[in-house]
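Below are the chains, spelled out letter by letter.
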Amino acid sequence: MTLTPGTRLGPYEIVAPLGAGGMGEVYRAKDTRLGREVAVKVLPQHLTANPEIRARFEREAKTISSLNHPHICTLHDIGREGDTDYLVMELVDGETLAQRLVKGTLPVADVLRIGAQIADALDRAHRAGVIHRDLKPGNVMLTKSGFNAKLMDFGLARATGLTGPPGSASMATMTHSPTMAAPLTAEGTILGTFQYMSPEQLEGVDADARSDLWALGCVLYEMATGKRVFEGRSQATLISAIMTTQPPPVSQNAPLSPPELDRLVSACLAKDPADRVQSAHDVKLQLQWAGEGGSRLGAAAISGSTPARSRRRSLLLALPLLLGVLGLAAIIFSVRELRPKPSAVLSVQVPVPPNLRLTAFWSDNAISPDGRSVIAAGARDTGERHLWLWDLRTAALRDLPETEQGFFPSWSPDSRAFVHFRQNVDGLFRADAAGGPSTRLCDAVWGRGASWGSRDIIVFAPNATGPLLSIAAGGGTPTQVTELDEALRETAHRFPHFLPDGEHFLYAALPVGTDGFPIYVGSLSSRDRKLVMHSDCAPIYAEPGYLVFVQDGKVTARRFDLKRLEPVGEKFTIAAAPPQSDFTAEPVATASRDQRLLFPAISLPLARLEWLDRAGASLGIVAVPDGHWSLGSLSHDGRLASVANGRQLWQVDLERNVASRLSNDMVWPLATAWSPDGRRLAFDVASQGRSGIILMNAGGSGAVDTVRTLDAVFQEVADWAPDGKSLLVAAISRAGSSGGETSWDLWTVPLGGGAPTPYLATRSFERYARISPDGRWVLFEVFDHGLSNIFIDSYPIPGHRVPLATGTEGRSLWGRGGREILYVDEQNVLISVPLEFAGDDVRPGRPNRLFRLPDGTTEMDTHDGERFLVSSSIAAPSGTSLQLILGWTGLFSR
């Protein structure tokens, strides 16, 4: 049956269809009781018409619904409306692993991480007595960030009677599995489910946990190699291959995969279940250890094994540190020795030490034009961020002197030097790759990209707003080379990239349009320009004659005609784009002349929400699903919190531990404010140069209002006034965007109509403001030369500014009804400053140390100063790695 939007199944209102398969149709729906989106699967009548099957289905569904696990797609409910039976499941936005594999193999780190998550989910189910029986890529969902895997349809194959020996009616039904979107019935076609079935299942033996481990081995193999373990021209030859043949090792098709993975997959694919790894828990541990370096892989004890079997398994799985060394040597050898032809593609990861954390910005890394070196920004342990250089021929790593707080490096054409910006001293600097002091070329307050051309001229964006400038590589006076178009309301030109002639350069213009950023070709000798395309970021030019950019969430390439200065031909997909950072329009990749493409593989850290008291003791974890949670703000009564999960805006009911999504495209960092009564939430949509403020009802229901009265380049909601009549907004005005220093000023935006008025427009960098509970004072931060200074001033008319602290880490808050200020110092310690008020004066007291925030804390808020909600990262594979593709044009047919 096909349901139309608006149809009700119990409390669930159908919104839109999501897909269909042998188990019926799947729909996006809204739970009208809790206000959350869910997935509703309507079951076909033939699966529930038999009372015995229906009863078994309901029993197993109850068991499956108890599997509360971050990597299992939760079964919320089961119901019947008239003659229609349906399931209600967690709605996971993203794609299946099968869809992801269509794009190509996964990086080794992702194979190990996703594999460990699937194994962890299987372990939870097996401990509850639930066997999946239909594990395959189509039953694994990957969230939009690609970081989390969710296993679907646990046990439903058995519950619906979809099992049996080969050739039986139930086996034939199995081809129409619960998650197969379109059953393949063409003659000679091998149906996907068979290729993940264990030998004992094909023999008609009841599946147990070890059958799931066989299927997991098949999935791991396919993720690493892009190929299925067993193939056949017909059902009979496929079954024969599964029963009798030994598949080639993973390393034969994926030479750079770690030996640990090779041996683990072989252990999962042993024909005899007794010879396999015996538990999903062991598989999870081995994958995690391999992800951490592999040196401890053989140390795991296999539970429930006989001594002989344990010794055999240890011989099979245990490899000492030598294997990790050999794996690194393989990477070094591949980068040093291989000179692939354009059709020969090799993807490797630049080896990053475990104690070096790279930044999560797309443009903070660059490969040299000769393909021999890579520069990237990062910090070792708890040290200061600066630039590092890898010699790809030897894998040697060294830090570059005088590059503290360096970002956006760009190489010279001869690969001997580079330029970069430095945040703490506000300048554009030149340095030699061999080492030595940096040379300051000119001022650059908030640089947004630089490119060093073949004529020894550097084009750069010195600020977040304004035109591009040029300067000689040896130094001199900067010259303006582009001009903002006032008719198009342009506010910034960013991330230039020279073409081979050293005369013309690409760049992106802000604001973004409906088709993406306008991309122009400019010239050193003229301010004339040519619009060449629209894309989701600034492009780069990559030999042999392509533009590389991001479009629709994918790293994309397209031919570029250097004579006509325009793209030609079709687009080609290279890879999924990494999560977007906060640097609007930054390019996603850099390229060398010998067809090496470097781009970041970014894994956002898992983070949790936790309550702390004034002594720093935990008052409990907020029970929300695993994700990249970052706190926005608390409602005034402390019941609700706005949070971000990746780039999605969510609301969390802190009393019931219920999270619901409000928006799919949140800006970063998260800037929100609750109305005084907690009924509405204000947040900005200044993503990618757009401008506007959204007012949304708590829970996301009802009408959405948009406030567009502030003519700004960028803006962030700071706070909602206690009387409910206005917002305090930090913004960069268009009037100050034509050049010079960028300043964030504070504005009062009335909600009942009328023009915004400046509250603090002092040309300083003022953001992150909070209004006192009585509405008489504003607490705000001024960011200056890398330091955050905290002040309070009278409100709504300034004039009684009082300095509170210098050199802080920000996160300043009101506490105890406005009688204290709270902030975090450079040692990550929460400081309390009591306040005394006398008329129009305020007197800060002696600062008191409260507690040191947990490591990894990113945000904090409080509604009373007695307990604090913090978001902090938790132990998980995270960070940024560098993906290097050699012979990258071989990824598509020219």
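Residues numbered from 1 in each chain as written. Predicted model: local features only at pLDDT ≥ 70, side-chain atom pairs only at ≥ 80, totals over all residues. Heavy atoms only, no water.

**Q** Would you explain the nonpolar core in this entry?
**A** Nonpolar side chains tend toward joint burial in soluble globular proteins. Judged by nonpolar contacts, the single largest core of 72 residues is most densely connected at Leu428, Ile458, Phe460, Val548, Ile574, Leu728 and Trp888. The next biggest cluster of nonpolar side chains, apart from the first, holds 53 residues, and it includes Val140, Ala149, Leu202 and Leu269. (Core = buried A, V, L, I, M, F, W, Y, C linked by side-chain atoms within 4.5 Å. Buried < 20%, exposed > 50% of the residue type's maximum accessible area, 1.4 Å probe, protein only.)

**Q** Is there a simple way to explain the packing of helix H8 (residues 209–225) against helix H11 (residues 259–268) in this structure?
**A** When two helices pack together, their arrangement is captured by the angle between the axes and the distance separating the axes. Interaxial distance between H8 and H11 falls to 8 Å at its minimum, and their mutual angle equals 145 degrees. In the packing of H8 onto H11, the handedness of the crossing is left-handed. Counting all contacts with H8, which are made through Leu213, Trp214, Gly217, Leu220, Tyr221 and Ala224, the residues of H11 involved are Leu261, Val265 and Cys268. (Axes fitted to C-alpha atoms, helices over the stretch in contact; angles between N-to-C directions. Helix = DSSP H or I, 4+ residues; strand = E, 2+ residues; numbered from the N terminus. Left-handed = near helix turned anticlockwise from the far one by under 90°. Contact = heavy atoms within 4.5 Å.)

**Q** Before we go on, may I ask you to explain the sheet that holds strand E41 (residues 680–684) in this structure?
**A** The strands making up a sheet associate through hydrogen bonds between their backbones, and the pairing can be parallel or antiparallel. Strand order in this open sheet of four strands is E40-E41-E42-E43, and the pairing throughout is antiparallel. Of all strands in the sheet, those bounded by a partner on one side alone are strand E40 (672–674) and strand E43 (705–707). Neighbouring strand axes in the sheet, compared pairwise and without regard to direction, differ in orientation by 20 degrees on average. Bridge analysis of E40 against E41 gives three bridges, and the strand direction is antiparallel. Of the residues in E41, the one forming a bridge with Thr672 is Phe683. (Pairing = 2+ DSSP bridges.)

**Q** What should I look at first to understand the pairing of strand E29 (residues 546–551) in this one?
**A** Within a regular strand, side chains alternate between the sheet's two faces. Along E29, six of the six residues are buried, which leaves the element largely enclosed by surrounding structure. Here E29 shows no split at all, with Tyr546, Val548 and Val550 on one side and Leu547, Phe549 and Gln551 on the other all buried. For strand E28 (residues 540–542) and E29, the ladder comprises three bridges, and the chain directions are antiparallel. Directly across from Ala542, in E29, lies its bridge partner Tyr546. Count of turn residues in the E28/E29 antiparallel hairpin: three residues, of which Gly545 carries a positive phi of about 100 degrees. Between the end of E29 and the start of strand E30 (residues 554–561), which pair antiparallel, lie two residues, with Asp552 showing a positive phi angle near 55 degrees.

**Q** Could you clarify how one ought to interpret the packing of aromatic side chains in this entry?
**A** The description of two aromatic rings rests on the distance between their centres and on the angle between their planes. All chains considered together, the criterion is met by 16 aromatic pairs. Seen in terms of ring centroids, Phe408 and Phe495 are 5.3 Å apart; in terms of plane orientation they differ by 70 degrees. Their pairing is edge-to-face. With a gap of 87 residues between them, Phe408 in strand E16 (residues 406–411) and Phe495 in strand E24 (residues 492–498) connect regions that are remote in the sequence. For the pair formed by Phe408 and Phe495, the shared burial category is buried. For the pair Phe408 and Phe583, a centre-to-centre distance of 5.0 Å together with 70 degrees between the ring planes defines the contact as edge-to-face. Remark: Phe583 occurs in the loop between strand E31 (566–576) and strand E32 (590–591) and Phe408 occurs in strand E16; sequence separation between them is 175 residues. One aromatic cluster is present, formed by Phe361, Phe407, Phe408, Phe421, Phe495 and Phe583 through successive ring pairs. (Phe/Tyr/Trp six-rings, centres within 6.5 Å; stacked < 30°, edge-to-face > 60°.)

**Q** Just checking my understanding: could you explain the environment of Trp747 for this structure?
**A** By the element assignment, Trp747 lies in strand E46 (residues 745–750). In the structure, Trp747 is positioned 13 residues away from Leu760 in sequence and 6.8 Å away in space, judged by C-alpha atoms.

**Q** What's the story with H11 in this structure? I'm lost.
**A** Each turn of an α-helix holds 3.6 residues, which means side chains three or four residues apart point in the same direction. Of all 10 residues that make up H11, seven are buried, and the element is covered over most of its length. Among the residues making up H11, those that are buried are Glu260, Leu261, Asp262, Leu264, Val265, Ala267 and Cys268.

**Q** Got a minute to help me understand the pairing of E30 in this structure?
**A** Bridge count for E29 against E30 is six bridges, and the pairing is antiparallel. The residue of E30 that forms the bridge with Tyr546 is Arg559. Taken together, the eight bridges between E30 and E31 define a ladder with antiparallel strand orientation. Among the inter-strand pairings, Arg558 is bridged to a residue of E31, identified as Lys571. Connecting E30 to the antiparallel partner E31 that follows it, the hairpin turn spans four residues, and Leu565 within it adopts a positive phi of roughly 55 degrees.

**Q** It is not clear to me how the sheet that holds strand E58 (residues 867–873) should be interpreted in this structure. Could you clarify?
**A** Spatially, E35-E34-E58-E57 is the arrangement adopted by the four strands of the open sheet, whose pairing is antiparallel. The sheet is open, and its two edges are formed by strand E35 (618–621) and strand E57 (857–861), each paired on a single side. Taken over all neighbouring pairs, the strand axes of this sheet differ in orientation by 25 degrees on average, direction set aside. In this structure, E57 lies alongside E58, joined through four bridges in antiparallel fashion. Directly across from Thr857, in E58, lies its bridge partner Ser872.

**Q** Explanation requested: H8 in the structure shown.
**A** For H8, built from 17 residues, the straight-helix expectation of 24 Å at 1.5 Å per residue is met to within 8% by its first-to-last C-alpha distance of 25 Å. Counting buried positions over the 17 residues of H8 gives 15, a clear majority of the element. Once H8 finishes, Gly226 follows within two positions and takes phi at roughly 80 degrees, a positive value. (Expected span 1.5 Å × (residues − 1).)

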